[in-house]
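Summary of the model geometry
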Amino acid sequence: MPEQKPPTEAPAAPSTSEATPDATSEATPDATPEVTAAEIARLAGVGRAAVSNWRRRHADFPRPVGGTDTSPSFALPEVTGWLRAQGKLAEVPLRERVWQYVASHPGGSVAALVKAGSALLLVRDRPREWLEASAVSDARMATLLAPAVDRVLALRFGPAHPLGATGPLRPTAMPFLRAAAELAAELGTRGAFEFLLGRHLEANPRQYTLTPDGLAILMAALAGPSARTVLDPACGTGSLLRAVPGATTRYVQDSSPELASLAALRLALQSDAPVRAAAADSLRADAFARPAAEPVDAVLCHPPFNERNWGHEELSYDPRWEYGLPARAESELAWVQHALAHLREGGTAVLLMPPAAAARRSGRRIRADLLRRGALRAVVALPAGAAPPYGIPLHLWVLRRPAPHAAPPSGLLLVDTTALADGPGAGPGRAGWATVHSAVEESWTAYERGGPAPDVPAPDVPGVRRVVPVVDLLDDDVDLTPARHLPPPAAGGGVAELTAVRDRLDSTLTRAARLTPPAPPAVSPDGPAAAPARLPMTTVGELARAGALLLATGTGAGEGRAPVLTEHDVSAGTGPTGTLTAAAEPPLLTAPGDVVVPLTGGAGVARVVDAATAGAALGRGLQLLRPDPAALDPWFLAGFLRATANNRRASSHASTTTRLDVRRLELPRLPRTEQEVYGARFRALAEFEDALRLAARLGEQLVQGLYDGLSDGTVRPE
């Protein structure tokens, strides 16, 4: 379910702090807004460390009023007053002021979001009524606003909508709603609500399971351009239906009243199309069951996974189970049949599914009937990291409600995109989603063009797609996992590609031979051994205190879309492959000439940032050293940091890992000109090392490609 509570929590019981409040939730005056140190840093446009310094250095810095010892909170008026007195803030930005109203709302931030969204809907749909209601005192405004909001909610959502339990609109909330309308003048009503909802989701990352926008767009594309009436029976905050551009009516249901309310407002602020919302468990209390509700053109759904308490006993004789009663452990197959039951003939359903649903023996009879009757049309394997849970490659199931006398398709489309991720375990990134989307949509379009029984089926693409005859899948297991039925492409990609790999390997080996360091000068066996040069030494810590370099530790978190340079990237010499996790402050970005060192593992690695890695966010477990160009040569610095003896002296050992104290690493005190001599030699060694790495990767690709080609017949033994 997009943006749902994690499966370990009861789906119908939202947490007390986030549940939609009842009518007494505003019986007390609004509390004073509070901010954390990270939010203070955001207000002042500085890093969090600066806020810590202000607290230590300034006796008049506001005292904490809440939070914990490790994460205190401060009164927003006191903080803004202090910042303004210090000349660090001219005015609290409007966005921050509105957000602090939301974050400190006594009924919870979701209740505040519902109130704000309802007022913004009035601003959008009936601006004259809003202007009349907001042109008076707060007390009078509260009196006028309540019936106006009720009217616009009933008009957009129907009389039985889940937004009626938000509590009365009291005068104390009017400054907040005025500020929200002011923000809408800046961002638009939709933009203002998206901003506030986005901040709420960032502040509560563990309470929601988010469906990425790229995946939502892909699922909407598979539903087809003709989808006008669409349903999401596990809607979360409405991300899937937001991605359907031409919908004329949207139906949303969720077991959580707060999520159903947020989804309804989000969709209503997006367009003029009617929204029908319900707050109830879709399997146990279907709000849009036939014949009371009309069938829809499309169903998009990210259902909860692995739920055993989905209603197996009480729903045993439910008419939705046309393809068989799902087993207790097959809740996902219950959602599949729920979706099919709401479709018109020929309508399309697209569901995000765990990979086990394609192979569990307990579901094989239902899978077989879905195939025989032509309901299941495609199974698409996504890269790991495409959606939570991020550790497994989830599947998309594309289904059609069969017409009574139509011939079922003779084959099932299987697509495997697991190899299209941007990096190990990274999932599709900025460019990756475009690649995944293109591969899936092209495969689905080719399959659809062929019709139910094509004379010329869509051509297979080894390792990516194949239309498998249904009769071949109806064995004892009915295993629909794409990887089990798609022969992988040769590791080299075919004869032409293998030839290109071999040519590239040949040129790389030639380059590596050219870069091979010369042998050290020989020492005469009769003469005394040369004594090692003794140079005056200093430490990284001393250089940092002297201002010769800047030290910073990576977190891999922050606002923005920068790729993340990970420990694995630094050790393997590759480009950045990680993705940012949400945080309140901007990430630390690498720049050319920085030196990056992994803090664990004891491998003795130090990498100089070049054009390929510049602009990446620094990942967790990495230390960045930014030398002053006038004082330190970056290659000289990185070279001495890699010395084995140096790393041993600066490392400490725990029971399971070795940790490096970068400040204890040593390097010689040398003039800049002498540093450059060492730096040139260290740089040549790094280029030689890169060539060896590339040659090793190409060699592995060529060898495995030849094994695969000889095995599958694409390469002849002669």
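Now for a description of the structure that goes with this document. (Residues numbered from 1 in each chain as written. Predicted model: local features only at pLDDT ≥ 70, side-chain atom pairs only at ≥ 80, totals over all residues. Heavy atoms only, no water.)

On a plain count of helices and strands, the protein comes out with 23 helices and 22 strands. Counting all 718 residues of the protein, 50% fall into the buried class. Once local pairs closer than 6 in sequence are excluded, the contacts in the protein between residues at least 24 apart make up 74%. Accessible surface computed for the protein: about 32,900 Å², of which carbon and sulfur atoms make up 55%. (Helix = DSSP H or I, 4+ residues; strand = E, 2+ residues; numbered from the N terminus. Buried < 20%, exposed > 50% of the residue type's maximum accessible area, 1.4 Å probe, protein only. Contact = heavy atoms within 4.5 Å. Areas by Shrake-Rupley, 256 points an atom, 1.4 Å probe, with all protein chains shown as cover.)

The next point concerns the packing of aromatic side chains. For the structure on display, the rule yields twelve aromatic pairs. Ring centres of Trp-310 and Trp-321 lie 5.9 Å apart, and the angle between their planes is 85 degrees; on these two criteria the pair is classed as edge-to-face. Within this pair, whereas Trp-310 is found in the loop between β7 (296-301) and α13 (331-341), its partner Trp-321 is found in the loop between β7 and α13, the two being separated by eleven residues in sequence. An aromatic cluster of at least three residues, connected via ring pairs, comprises Trp-54, Phe-61, Phe-74 and Trp-82. (Phe/Tyr/Trp six-rings, centres within 6.5 Å; stacked < 30°, edge-to-face > 60°.)

Turning next to a nonpolar patch on the surface. A contiguous nonpolar patch, built from Leu-535, Met-537 and Tyr-678 and spanning about 230 Å² of accessible area, is present on the exposed surface. Examined against the element boundaries, Tyr-678 turns out to sit in helix α23 (residues 672-712). Looking at Tyr-678, the relative accessible area reads 32%, which means it is partly exposed. (Patch = residues over 30% accessible without salt bridge, like charges linked within 9 Å, V, L, I, M, F, W, Y side chains within 5 Å. Salt bridge = Lys/Arg side-chain N within 4 Å of Asp/Glu carboxyl O.)

The strand order across the open sheet built from four strands is β14-β19-β16-β17, with neighbouring strands paired in antiparallel fashion. At either margin of the open sheet sits one strand with a lone partner, and together these are β14 (549-553) and β17 (607-608). Note: strand β16 (residues 595-598) against β17, two bridges, orientation antiparallel. Its bridge partner lying in β17, Val-596 is registered against Arg-607. Strands β14, β16, β17 and β19 (622-627) of the sheet are contacted by helix α21 (residues 634-641), whose axis makes an angle of about 15 degrees with β16. (Pairing = 2+ DSSP bridges. Axes fitted to C-alpha atoms, helices over the stretch in contact; angles between N-to-C directions.)

Helix length check: helix α8 (residues 174-187) (14 residues) gives 20 Å between terminal C-alpha atoms against 20 Å at 1.5 Å per residue, within 8%. Taken together, the buried positions of α8 are occupied by Met-174, Phe-176, Leu-177, Ala-179, Ala-180, Ala-181, Leu-183 and Ala-184. Looking at the buried positions of α8, the neighbouring elements they touch are α4 (94-103), α5 (109-125), α6 (127-134), α7 (138-157) and α9 (189-203). Of the residues one or two after α8, Gly-188 is the one with positive phi, at around 85 degrees. (Expected span 1.5 Å × (residues − 1).)

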